[in-house]
Amino acid sequence: MKQPQNSASTLNALYKEDPIAADRALWGRTTSAISRRGFLKQSALLSMSAALGTSIPFARYMPAGLIPAAFAAEAADAQIEGKDGLVVLNTRPVNAETPAHLLSEAITPNHRMFVRNNGIPPQNVNPDSWTLEIGGESCLRPMSFTLADLRARFEEVTLQLQLECGGNGRSEFVPAASGNQWSTGAIGCPMFTGVRLRDVLNYCGVGADAVYVGYYGADTHTTGDPARDPISRGVPIAKALERESIIAWNMNGEDIPLQNGYPLRLVCAGWPGSVSGKWLNRLVVRNQVHDGEKMAAPSYSVPVAPVAPGSRVPESDMRIIESMPVKSLVTFPQSGISHDFRQRLTVSGHAWAGDNQVSGVFISIDFGATWLPTALNPAANRLAWQNWQTWVQFPEPGYYEIWARAMDDRGRSQPMIVPGWNPRGYLNNAAHRIAVQAV
Ligand SMILES: Nc1nc2c(c(=O)[nH]1)N[C@H]1C(S)=C(S)[C@@H](COP(=O)(O)O)O[C@H]1N2
Ligand SMILES: [Mo]
(Lines give C-alpha, C1' and ligand atoms only; values in the text may rest on other atoms or scores of the structure.)
(Ligands and ions follow the chains in the order given, each with its own letter.)
Protein backbone atom coordinates (compact mmCIF):
# COMPACT_ATOMS: atom_id res chain seq x y z
CA MET A 1 0.00 0.00 0.00
CA LYS A 2 1.38 3.43 -0.94
CA GLN A 3 1.77 5.82 1.97
CA PRO A 4 1.51 9.62 1.82
CA GLN A 5 4.89 10.97 0.81
CA ASN A 6 5.21 13.55 3.58
CA SER A 7 5.20 12.78 7.29
CA ALA A 8 2.62 14.64 9.36
CA SER A 9 5.19 16.94 10.97
CA THR A 10 6.79 17.96 7.66
CA LEU A 11 3.31 18.51 6.34
CA ASN A 12 2.35 20.73 9.25
CA ALA A 13 5.55 22.77 8.89
CA LEU A 14 4.86 23.17 5.19
CA TYR A 15 1.29 24.23 5.82
CA LYS A 16 2.38 26.95 8.26
CA GLU A 17 4.86 28.34 5.77
CA ASP A 18 2.84 28.27 2.57
CA PRO A 19 -0.49 26.48 2.69
CA ILE A 20 -1.18 26.67 -1.01
CA ALA A 21 2.24 25.30 -1.95
CA ALA A 22 1.81 22.61 0.70
CA ASP A 23 -1.52 21.58 -0.75
CA ARG A 24 0.00 21.42 -4.19
CA ALA A 25 2.96 19.38 -2.94
CA LEU A 26 0.91 16.88 -1.01
CA TRP A 27 -2.29 16.61 -2.95
CA GLY A 28 -1.01 17.51 -6.40
CA ARG A 29 -3.48 20.36 -6.78
CA THR A 30 -4.53 23.57 -5.12
CA THR A 31 -7.72 23.85 -3.15
CA SER A 32 -8.39 27.11 -4.93
CA ALA A 33 -11.82 28.24 -3.80
CA ILE A 34 -10.91 27.73 -0.19
CA SER A 35 -7.39 29.19 -0.57
CA ARG A 36 -6.31 31.47 2.22
CA ARG A 37 -6.23 34.45 -0.12
CA GLY A 38 -9.17 36.06 1.61
CA PHE A 39 -9.14 35.94 5.35
CA LEU A 40 -12.28 36.94 7.18
CA LYS A 41 -12.73 40.66 7.55
CA GLN A 42 -12.87 41.85 11.16
CA SER A 43 -16.52 42.89 10.82
CA ALA A 44 -17.57 39.53 9.36
CA LEU A 45 -15.65 37.78 12.10
CA LEU A 46 -17.43 39.75 14.83
CA SER A 47 -20.87 38.98 13.46
CA MET A 48 -20.02 35.30 12.97
CA SER A 49 -18.69 35.02 16.53
CA ALA A 50 -21.85 36.74 17.78
CA ALA A 51 -24.06 34.31 15.86
CA LEU A 52 -22.12 31.35 17.22
CA GLY A 53 -22.18 32.86 20.71
CA THR A 54 -18.45 32.34 21.23
CA SER A 55 -15.02 33.30 19.95
CA ILE A 56 -13.29 31.50 17.07
CA PRO A 57 -9.73 30.84 18.29
CA PHE A 58 -8.42 29.79 14.88
CA ALA A 59 -10.26 32.55 13.02
CA ARG A 60 -6.99 33.60 11.38
CA TYR A 61 -7.07 30.37 9.37
CA MET A 62 -10.77 30.45 8.60
CA PRO A 63 -11.34 30.65 4.84
CA ALA A 64 -13.46 33.56 3.67
CA GLY A 65 -16.94 32.49 2.68
CA LEU A 66 -16.90 29.38 4.86
CA ILE A 67 -20.28 28.65 6.39
CA PRO A 68 -19.65 27.30 9.91
CA ALA A 69 -20.55 23.63 10.25
CA ALA A 70 -22.59 24.62 13.32
CA PHE A 71 -25.12 26.24 10.97
CA ALA A 72 -25.85 22.96 9.13
CA ALA A 73 -29.53 22.00 8.95
CA GLU A 74 -31.00 20.19 11.93
CA ALA A 75 -32.16 16.60 11.56
CA ALA A 76 -35.92 16.06 11.23
CA ASP A 77 -37.89 13.31 13.02
CA ALA A 78 -37.91 9.74 11.73
CA GLN A 79 -40.94 8.59 9.78
CA ILE A 80 -40.03 5.24 8.24
CA GLU A 81 -40.91 2.03 10.01
CA GLY A 82 -37.81 0.24 11.28
CA LYS A 83 -35.56 3.21 10.46
CA ASP A 84 -35.67 5.40 13.56
CA GLY A 85 -33.43 8.46 13.46
CA LEU A 86 -33.14 8.57 9.68
CA VAL A 87 -33.92 11.86 7.99
CA VAL A 88 -36.67 11.43 5.40
CA LEU A 89 -36.05 13.38 2.20
CA ASN A 90 -38.96 11.95 0.28
CA THR A 91 -41.88 9.61 0.93
CA ARG A 92 -42.91 8.63 -2.61
CA PRO A 93 -40.57 7.07 -3.48
CA VAL A 94 -39.01 6.65 -0.02
CA ASN A 95 -35.59 8.23 0.43
CA ALA A 96 -33.99 8.61 3.85
CA GLU A 97 -30.46 9.30 5.02
CA THR A 98 -28.61 8.59 8.26
CA PRO A 99 -27.17 11.46 10.34
CA ALA A 100 -23.39 11.02 10.71
CA HIS A 101 -23.48 10.45 14.48
CA LEU A 102 -25.91 7.54 14.00
CA LEU A 103 -23.38 5.78 11.75
CA SER A 104 -20.80 5.33 14.52
CA GLU A 105 -20.97 1.53 14.65
CA ALA A 106 -18.20 -0.33 12.82
CA ILE A 107 -20.89 -2.38 11.07
CA THR A 108 -24.03 -0.49 10.07
CA PRO A 109 -27.09 -2.05 11.76
CA ASN A 110 -30.21 -2.69 9.67
CA HIS A 111 -32.18 0.15 11.26
CA ARG A 112 -29.41 2.65 10.38
CA MET A 113 -29.01 1.68 6.72
CA PHE A 114 -30.13 4.50 4.40
CA VAL A 115 -32.93 3.99 1.89
CA ARG A 116 -32.85 5.08 -1.73
CA ASN A 117 -35.89 3.95 -3.70
CA ASN A 118 -36.59 4.93 -7.30
CA GLY A 119 -40.01 3.27 -7.32
CA ILE A 120 -42.44 1.46 -5.04
CA PRO A 121 -41.17 -1.70 -3.28
CA PRO A 122 -43.07 -4.96 -3.96
CA GLN A 123 -45.89 -5.78 -1.52
CA ASN A 124 -46.55 -9.17 0.16
CA VAL A 125 -43.21 -10.71 -0.77
CA ASN A 126 -43.19 -14.50 -0.39
CA PRO A 127 -39.56 -15.64 -0.09
CA ASP A 128 -40.50 -19.29 -0.67
CA SER A 129 -41.85 -18.64 -4.15
CA TRP A 130 -39.31 -15.90 -5.09
CA THR A 131 -37.30 -16.73 -8.18
CA LEU A 132 -34.18 -15.30 -9.74
CA GLU A 133 -34.00 -15.71 -13.51
CA ILE A 134 -30.64 -15.63 -15.27
CA GLY A 135 -30.65 -14.89 -19.00
CA GLY A 136 -29.58 -12.35 -21.58
CA GLU A 137 -28.07 -12.79 -25.04
CA SER A 138 -24.63 -13.73 -23.63
CA CYS A 139 -25.93 -16.30 -21.12
CA LEU A 140 -25.23 -19.82 -22.44
CA ARG A 141 -27.81 -21.72 -20.31
CA PRO A 142 -30.63 -19.47 -19.05
CA MET A 143 -31.98 -20.76 -15.73
CA SER A 144 -34.22 -19.89 -12.82
CA PHE A 145 -33.37 -20.33 -9.12
CA THR A 146 -35.38 -20.21 -5.93
CA LEU A 147 -33.69 -18.94 -2.78
CA ALA A 148 -33.42 -22.58 -1.66
CA ASP A 149 -31.69 -23.47 -4.95
CA LEU A 150 -29.14 -20.69 -4.44
CA ARG A 151 -28.41 -21.84 -0.90
CA ALA A 152 -28.11 -25.48 -1.92
CA ARG A 153 -26.04 -25.07 -5.06
CA PHE A 154 -23.45 -22.38 -4.26
CA GLU A 155 -20.94 -21.58 -1.56
CA GLU A 156 -22.29 -19.14 1.02
CA VAL A 157 -20.21 -16.02 1.69
CA THR A 158 -20.49 -13.25 4.29
CA LEU A 159 -18.78 -9.92 3.59
CA GLN A 160 -18.93 -6.41 5.00
CA LEU A 161 -19.68 -4.16 2.02
CA GLN A 162 -20.11 -0.41 1.70
CA LEU A 163 -22.95 1.05 -0.31
CA GLU A 164 -23.02 4.75 -1.10
CA CYS A 165 -25.50 6.51 -3.35
CA GLY A 166 -23.77 8.25 -6.27
CA GLY A 167 -25.69 11.41 -5.30
CA ASN A 168 -24.56 11.44 -1.65
CA GLY A 169 -23.51 15.04 -0.85
CA ARG A 170 -25.60 16.48 -3.70
CA SER A 171 -27.09 19.22 -1.48
CA GLU A 172 -23.78 21.11 -1.49
CA PHE A 173 -23.57 21.75 -5.23
CA VAL A 174 -24.03 25.33 -6.45
CA PRO A 175 -26.00 25.83 -8.60
CA ALA A 176 -28.21 23.14 -7.09
CA ALA A 177 -28.58 19.84 -8.94
CA SER A 178 -32.02 18.25 -9.06
CA GLY A 179 -32.59 14.99 -7.22
CA ASN A 180 -32.62 13.97 -3.56
CA GLN A 181 -30.79 16.63 -1.57
CA TRP A 182 -28.57 14.21 0.35
CA SER A 183 -26.19 15.71 2.88
CA THR A 184 -23.71 13.05 4.03
CA GLY A 185 -25.93 10.13 5.02
CA ALA A 186 -26.49 8.01 1.89
CA ILE A 187 -23.79 5.58 2.98
CA GLY A 188 -23.68 2.42 5.07
CA CYS A 189 -21.56 -0.67 5.51
CA PRO A 190 -23.48 -3.71 6.78
CA MET A 191 -22.56 -7.40 6.59
CA PHE A 192 -24.21 -9.21 3.69
CA THR A 193 -24.65 -12.97 3.31
CA GLY A 194 -25.37 -14.69 0.02
CA VAL A 195 -23.59 -16.30 -2.90
CA ARG A 196 -21.03 -14.97 -5.33
CA LEU A 197 -22.56 -13.53 -8.47
CA ARG A 198 -19.75 -15.14 -10.47
CA ASP A 199 -20.55 -18.63 -9.18
CA VAL A 200 -24.12 -18.25 -10.35
CA LEU A 201 -23.18 -16.67 -13.70
CA ASN A 202 -20.51 -19.29 -14.42
CA TYR A 203 -22.97 -22.06 -13.58
CA CYS A 204 -25.25 -20.67 -16.29
CA GLY A 205 -22.35 -20.08 -18.65
CA VAL A 206 -20.96 -16.66 -19.58
CA GLY A 207 -20.51 -16.25 -23.35
CA ALA A 208 -17.18 -15.09 -24.74
CA ASP A 209 -18.87 -11.93 -26.01
CA ALA A 210 -20.28 -10.92 -22.59
CA VAL A 211 -19.75 -7.24 -21.80
CA TYR A 212 -22.16 -6.30 -19.02
CA VAL A 213 -24.52 -7.75 -16.40
CA GLY A 214 -27.82 -5.92 -15.87
CA TYR A 215 -30.40 -6.37 -13.11
CA TYR A 216 -34.16 -6.11 -12.84
CA GLY A 217 -36.08 -5.80 -9.58
CA ALA A 218 -39.69 -6.35 -8.50
CA ASP A 219 -40.35 -2.72 -7.54
CA THR A 220 -42.84 -0.78 -9.64
CA HIS A 221 -42.71 2.63 -11.28
CA THR A 222 -44.19 5.53 -9.26
CA THR A 223 -46.69 6.11 -12.10
CA GLY A 224 -48.00 2.57 -11.62
CA ASP A 225 -47.24 1.82 -15.29
CA PRO A 226 -46.27 -1.91 -15.34
CA ALA A 227 -44.36 -1.43 -18.61
CA ARG A 228 -41.89 0.97 -16.97
CA ASP A 229 -38.99 -0.07 -14.74
CA PRO A 230 -38.06 2.33 -11.92
CA ILE A 231 -34.40 1.44 -12.46
CA SER A 232 -32.44 -1.34 -14.19
CA ARG A 233 -28.69 -0.83 -14.06
CA GLY A 234 -25.65 -3.09 -13.88
CA VAL A 235 -21.90 -3.42 -14.09
CA PRO A 236 -19.27 -4.41 -16.68
CA ILE A 237 -18.55 -8.15 -16.68
CA ALA A 238 -15.17 -7.73 -14.91
CA LYS A 239 -16.83 -6.04 -11.90
CA ALA A 240 -19.61 -8.66 -11.89
CA LEU A 241 -17.05 -11.48 -11.72
CA GLU A 242 -15.12 -10.03 -8.75
CA ARG A 243 -15.03 -12.18 -5.59
CA GLU A 244 -16.92 -9.50 -3.63
CA SER A 245 -19.88 -9.09 -6.01
CA ILE A 246 -22.68 -11.05 -4.36
CA ILE A 247 -26.35 -11.93 -4.49
CA ALA A 248 -27.46 -11.50 -0.87
CA TRP A 249 -30.50 -12.67 1.10
CA ASN A 250 -29.24 -11.60 4.49
CA MET A 251 -28.10 -8.34 6.09
CA ASN A 252 -26.35 -8.53 9.47
CA GLY A 253 -27.63 -12.07 10.00
CA GLU A 254 -31.28 -11.12 9.44
CA ASP A 255 -33.62 -10.89 6.48
CA ILE A 256 -32.74 -7.82 4.43
CA PRO A 257 -35.19 -5.05 5.47
CA LEU A 258 -38.01 -4.62 2.93
CA GLN A 259 -36.83 -1.09 2.05
CA ASN A 260 -33.31 -2.41 1.37
CA GLY A 261 -34.37 -5.13 -1.06
CA TYR A 262 -36.05 -8.06 0.74
CA PRO A 263 -35.80 -10.94 -0.03
CA LEU A 264 -32.84 -10.75 -2.47
CA ARG A 265 -30.46 -8.08 -3.69
CA LEU A 266 -27.32 -7.61 -5.67
CA VAL A 267 -24.33 -6.02 -3.91
CA CYS A 268 -21.53 -4.69 -6.12
CA ALA A 269 -19.81 -2.48 -3.55
CA GLY A 270 -17.52 0.50 -4.15
CA TRP A 271 -19.56 1.72 -7.13
CA PRO A 272 -22.62 3.98 -7.00
CA GLY A 273 -25.29 2.22 -4.91
CA SER A 274 -27.52 2.23 -7.99
CA VAL A 275 -25.65 -0.77 -9.46
CA SER A 276 -26.73 -2.93 -6.49
CA GLY A 277 -30.24 -3.98 -7.52
CA LYS A 278 -32.84 -4.53 -4.79
CA TRP A 279 -35.79 -6.98 -4.89
CA LEU A 280 -33.68 -8.81 -7.45
CA ASN A 281 -35.60 -11.17 -9.73
CA ARG A 282 -33.69 -11.13 -13.02
CA LEU A 283 -30.11 -10.81 -14.22
CA VAL A 284 -29.13 -10.46 -17.85
CA VAL A 285 -25.68 -11.15 -19.28
CA ARG A 286 -25.39 -8.64 -22.09
CA ASN A 287 -23.21 -8.45 -25.21
CA GLN A 288 -23.35 -4.65 -24.99
CA VAL A 289 -23.49 -2.04 -22.24
CA HIS A 290 -26.80 -2.73 -20.49
CA ASP A 291 -29.53 -0.39 -21.72
CA GLY A 292 -31.97 -0.58 -18.79
CA GLU A 293 -33.64 2.40 -17.09
CA LYS A 294 -31.16 4.99 -15.74
CA MET A 295 -28.15 3.31 -17.41
CA ALA A 296 -27.61 6.06 -19.98
CA ALA A 297 -26.32 9.61 -19.43
CA PRO A 298 -27.21 11.88 -17.74
CA SER A 299 -28.22 9.28 -15.10
CA TYR A 300 -25.27 8.23 -12.93
CA SER A 301 -22.91 9.88 -15.40
CA VAL A 302 -20.45 12.77 -15.10
CA PRO A 303 -18.74 15.00 -17.65
CA VAL A 304 -15.56 13.44 -19.09
CA ALA A 305 -13.77 16.77 -18.51
CA PRO A 306 -14.47 19.50 -15.92
CA VAL A 307 -17.28 21.91 -16.82
CA ALA A 308 -18.21 25.36 -15.51
CA PRO A 309 -20.90 25.20 -12.78
CA GLY A 310 -24.33 25.42 -14.35
CA SER A 311 -23.18 24.31 -17.82
CA ARG A 312 -25.32 22.28 -20.14
CA VAL A 313 -23.36 19.12 -20.97
CA PRO A 314 -24.20 17.00 -24.06
CA GLU A 315 -24.75 13.33 -23.21
CA SER A 316 -21.96 12.36 -25.61
CA ASP A 317 -19.54 14.22 -23.32
CA MET A 318 -20.47 12.13 -20.28
CA ARG A 319 -19.26 8.80 -18.92
CA ILE A 320 -20.93 6.28 -16.64
CA ILE A 321 -19.63 6.49 -13.04
CA GLU A 322 -17.63 3.43 -11.97
CA SER A 323 -15.57 3.32 -8.74
CA MET A 324 -16.60 5.94 -6.15
CA PRO A 325 -14.00 8.44 -4.87
CA VAL A 326 -12.21 8.47 -1.49
CA LYS A 327 -14.37 9.81 1.35
CA SER A 328 -14.68 9.89 5.14
CA LEU A 329 -17.09 10.73 7.93
CA VAL A 330 -16.66 11.92 11.50
CA THR A 331 -19.24 9.83 13.36
CA PHE A 332 -18.14 10.76 16.89
CA PRO A 333 -18.67 13.25 18.40
CA GLN A 334 -22.00 14.53 17.10
CA SER A 335 -21.70 17.93 15.44
CA GLY A 336 -22.66 20.77 17.77
CA ILE A 337 -21.62 19.26 21.12
CA SER A 338 -20.11 21.24 23.98
CA HIS A 339 -16.86 19.93 25.38
CA ASP A 340 -14.66 20.88 28.36
CA PHE A 341 -11.56 22.30 26.67
CA ARG A 342 -9.27 20.94 29.41
CA GLN A 343 -10.23 17.37 28.48
CA ARG A 344 -9.07 15.42 25.47
CA LEU A 345 -11.85 14.73 22.99
CA THR A 346 -11.96 11.36 21.25
CA VAL A 347 -12.75 11.66 17.53
CA SER A 348 -13.62 8.72 15.31
CA GLY A 349 -15.26 7.75 12.06
CA HIS A 350 -14.96 5.74 8.86
CA ALA A 351 -13.25 6.17 5.51
CA TRP A 352 -13.71 4.37 2.19
CA ALA A 353 -12.40 4.69 -1.34
CA GLY A 354 -14.56 2.88 -3.89
CA ASP A 355 -12.62 -0.05 -5.35
CA ASN A 356 -9.44 1.11 -3.58
CA GLN A 357 -8.13 1.17 -0.04
CA VAL A 358 -7.74 4.15 2.27
CA SER A 359 -4.09 4.86 3.08
CA GLY A 360 -4.57 7.60 5.67
CA VAL A 361 -7.08 9.83 7.41
CA PHE A 362 -5.99 13.25 8.72
CA ILE A 363 -7.92 15.66 10.90
CA SER A 364 -7.66 19.40 11.50
CA ILE A 365 -9.11 21.59 14.27
CA ASP A 366 -7.76 24.86 12.82
CA PHE A 367 -9.59 25.09 9.49
CA GLY A 368 -6.97 23.09 7.65
CA ALA A 369 -3.86 25.01 8.73
CA THR A 370 -2.40 21.88 10.35
CA TRP A 371 -3.26 18.22 9.91
CA LEU A 372 -2.88 15.35 12.36
CA PRO A 373 -2.73 11.70 11.34
CA THR A 374 -5.25 9.28 12.87
CA ALA A 375 -5.06 5.57 13.72
CA LEU A 376 -6.60 3.77 10.76
CA ASN A 377 -7.82 0.18 10.93
CA PRO A 378 -7.62 -2.18 7.97
CA ALA A 379 -10.91 -3.09 6.27
CA ALA A 380 -12.70 -6.26 7.42
CA ASN A 381 -12.44 -7.33 3.78
CA ARG A 382 -12.02 -5.65 0.41
CA LEU A 383 -14.76 -3.05 -0.27
CA ALA A 384 -15.62 -2.54 3.42
CA TRP A 385 -15.04 0.89 4.97
CA GLN A 386 -12.17 1.40 7.40
CA ASN A 387 -12.56 2.77 10.92
CA TRP A 388 -10.25 5.48 12.25
CA GLN A 389 -9.86 7.17 15.60
CA THR A 390 -7.76 9.77 17.38
CA TRP A 391 -8.16 12.49 20.00
CA VAL A 392 -7.77 16.26 20.03
CA GLN A 393 -7.10 18.86 22.69
CA PHE A 394 -8.41 22.40 22.22
CA PRO A 395 -6.05 25.22 23.29
CA GLU A 396 -8.77 27.51 24.71
CA PRO A 397 -12.57 27.79 24.86
CA GLY A 398 -14.37 28.82 21.68
CA TYR A 399 -15.81 27.61 18.41
CA TYR A 400 -13.92 24.88 16.57
CA GLU A 401 -14.52 22.67 13.60
CA ILE A 402 -13.10 19.19 13.20
CA TRP A 403 -12.30 18.46 9.58
CA ALA A 404 -11.49 14.95 8.35
CA ARG A 405 -9.72 14.21 5.11
CA ALA A 406 -8.91 10.74 3.77
CA MET A 407 -6.40 9.70 1.12
CA ASP A 408 -6.62 6.55 -1.01
CA ASP A 409 -3.80 4.14 -1.80
CA ARG A 410 -3.15 5.95 -5.08
CA GLY A 411 -2.44 9.23 -3.32
CA ARG A 412 -5.76 10.87 -4.16
CA SER A 413 -7.31 12.85 -1.32
CA GLN A 414 -10.65 14.38 -0.51
CA PRO A 415 -10.88 18.01 -1.57
CA MET A 416 -11.67 20.65 1.07
CA ILE A 417 -14.24 22.19 -1.23
CA VAL A 418 -17.10 20.72 -3.25
CA PRO A 419 -15.38 19.16 -6.27
CA GLY A 420 -16.27 19.15 -9.96
CA TRP A 421 -19.77 20.51 -10.41
CA ASN A 422 -21.80 18.19 -12.66
CA PRO A 423 -25.38 18.45 -13.94
CA ARG A 424 -26.87 15.73 -11.70
CA GLY A 425 -24.78 16.42 -8.60
CA TYR A 426 -22.82 13.18 -8.21
CA LEU A 427 -19.53 12.35 -6.47
CA ASN A 428 -19.27 15.12 -3.89
CA ASN A 429 -16.47 13.80 -1.70
CA ALA A 430 -15.55 17.11 0.00
CA ALA A 431 -14.09 16.72 3.50
CA HIS A 432 -16.64 16.24 6.29
CA ARG A 433 -16.76 18.98 8.93
CA ILE A 434 -18.32 18.98 12.36
CA ALA A 435 -18.69 21.80 14.91
CA VAL A 436 -17.53 21.66 18.55
CA GLN A 437 -18.04 24.28 21.24
CA ALA A 438 -15.09 24.12 23.66
CA VAL A 439 -16.15 25.53 27.05
N1 LIG B 1 -34.73 -2.47 -7.72
C2 LIG B 1 -34.12 -1.37 -7.27
N3 LIG B 1 -32.80 -1.45 -6.93
C4 LIG B 1 -32.16 -0.36 -6.46
C5 LIG B 1 -32.82 0.89 -6.34
C6 LIG B 1 -34.20 0.94 -6.68
O7 LIG B 1 -34.86 1.98 -6.60
N8 LIG B 1 -34.80 -0.21 -7.15
N9 LIG B 1 -32.13 1.99 -5.92
C10 LIG B 1 -30.68 1.96 -6.17
C11 LIG B 1 -29.95 3.07 -5.62
S12 LIG B 1 -29.96 4.50 -6.52
C13 LIG B 1 -29.19 2.94 -4.49
S14 LIG B 1 -28.20 4.20 -3.94
C15 LIG B 1 -29.20 1.70 -3.69
C16 LIG B 1 -29.67 2.02 -2.28
O17 LIG B 1 -29.69 0.89 -1.48
P18 LIG B 1 -30.42 0.94 -0.06
O19 LIG B 1 -31.76 1.58 -0.26
O20 LIG B 1 -30.48 -0.43 0.43
O21 LIG B 1 -29.57 1.82 0.83
O22 LIG B 1 -30.07 0.71 -4.24
C23 LIG B 1 -30.09 0.66 -5.65
N24 LIG B 1 -30.86 -0.47 -6.08
MO1 LIG C 1 -28.37 5.96 -5.61
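Concerning the layout of surface pockets
In this structure, the second largest pocket spans a volume of roughly 840 Å³. If you go around the second largest pocket, you meet 34 residues; those closest to its centre are R319, P325, P419, L427 and N429. Looking at the lining of the second largest pocket, the elements with two or more residues in it are strand 16 (301-303) and strand 25 (398-408). In terms of residue class, the lining of the second largest pocket is built from 18 nonpolar, eight polar and eight charged. Of the domains in this structure, domain 2 (87-320) and domain 3 (327-438) are the two that each give at least three residues to the lining of the second largest pocket.

Overview of the sheet that holds strand 3 (residues 115-116)
Strand order in the open sheet made by the three strands is 1-2-3, with antiparallel pairing throughout. Sheet topology places strand 1 (87-91) and strand 3 at the edges, where each strand pairs with a single neighbour.

Some points on the nonpolar core
Residues I134, L150, I247 and L283 are the most contacted members of the largest nonpolar core, which totals 39 residues. Of all the elements in the fold, those that place two or more residues in this core are strand 4 (131-135), helix 4 (147-153), helix 5 (197-204), strand 10 (212-217), helix 6 (237-240), strand 12 (246-251) and strand 15 (280-286). In terms of residues, this core owes the most to one element, helix 5, which gives four residues. Every residue in contact with I134, bar those within four places of it in the chain, is listed here: C139, P142, M143, F145, V200, L201, C204 and L283. Counting 37 residues, the second largest nonpolar core, distinct from the first, contains A351, F362, Y399 and W403.

What to know about the site of ligand 1
Near ligand 1 you find 19 residues, and of these F114, N118, D219, R265 and K278 are the closest. N118 has a polar backbone atom sitting 2.7 Å from an oxygen atom of ligand 1. Its free accessible area being 540 Å², ligand 1 has 100% of it covered by the protein chains. Spatially, ligand 1 is embedded in the largest cavity. For the shell around ligand 1, a count of residues per class yields eight nonpolar, seven polar and four charged.

Re helix 5
Buried residues of helix 5: L197, V200, L201 and C204, and no others. In a view along the axis of helix 5, the buried residues occupy a sector of 95°, so they form one face of it. G205 sits one or two positions beyond helix 5 and adopts a positive phi of about 85°.

Here's the deal with unusual backbone geometry
Residue P263 is bonded to the preceding Y262 through a cis peptide linkage, with omega at 10°. By the element assignment, P263 lies in the loop between strand 13 (254-255) and strand 14 (265-267). Cis geometry marks the peptide bond from F332 to P333, where omega comes out at 0°. Examined against the element boundaries, P333 turns out to sit in the loop between strand 18 (327-332) and strand 19 (337-339). Notably, N124 is not glycine yet its phi reads approximately 50°, a positive angle. With respect to the element layout, N124 can be found in the loop between strand 3 and strand 4. Positive phi values are uncommon outside glycine, yet F367 reaches one of about 60°.

Notes on empty space enclosed by the protein
Applying the stated criterion to the full structure yields three cavities of 30 Å³ or more. Approximately 240 Å³ is the volume found for the largest cavity. Lining of the largest cavity is provided by 19 residues; of these, R116, R265, G273, S276 and K278 occupy positions nearest its centre. Considered class by class, the residues forming the lining of the largest cavity number eight nonpolar, seven polar and four charged.

Some remarks on the packing of aromatic side chains
With the rule as written, the count across this model stands at ten aromatic pairs. Ring geometry for F145 against F154: centres 5.8 Å apart, planes inclined by 65°, an arrangement best described as edge-to-face. Take F145: its relative accessible area is 1%, and that puts it in the buried class. Here the guanidinium or amino end of R344 rests over the ring plane of W391, the centre of that ring lying 3.6 Å away.

Parameters and conventions
- Residues numbered from 1 in each chain as written.
- Chains lettered and ligands numbered in written order.
- Predicted model: local features only at pLDDT ≥ 70, side-chain atom pairs only at ≥ 80, totals over all residues.
- Heavy atoms only, no water.
- 1 Å grid on protein atoms, 1.4 Å probe; cavity = no way out; pocket = protein on both sides within 12 Å on 5 of 7 lines; lining within 4 Å.
- Points joined across faces, edges and corners; volume = space filled by probe spheres on them.
- Helix = DSSP H or I, 4+ residues; strand = E, 2+ residues; numbered from the N terminus.
- Nonpolar A, V, L, I, M, F, W, Y, C, P; charged D, E, K, R; others polar.
- Domains from an automatic or database assignment.
- Pairing = 2+ DSSP bridges.
- Core = buried A, V, L, I, M, F, W, Y, C linked by side-chain atoms within 4.5 Å.
- Buried < 20%, exposed > 50% of the residue type's maximum accessible area, 1.4 Å probe, protein only.
- Contact = heavy atoms within 4.5 Å.
- Near = heavy atom within 4 Å.
- Polar contact = N/O pair within 3.5 Å; in protein donor to acceptor, adjacent residues only side chain to side chain.
- Areas by Shrake-Rupley, 256 points an atom, 1.4 Å probe, with all protein chains shown as cover.
- Sits in = over half its atoms within 2 Å of the grid points.
- Arc of directions from axis to C-beta.
- Phe/Tyr/Trp six-rings, centres within 6.5 Å; stacked < 30°, edge-to-face > 60°.
- Lys NZ or Arg CZ within 6 Å of the ring centre and 35° of its normal.

By themselves, these are just geometric observations and shouldn't be taken as functional.
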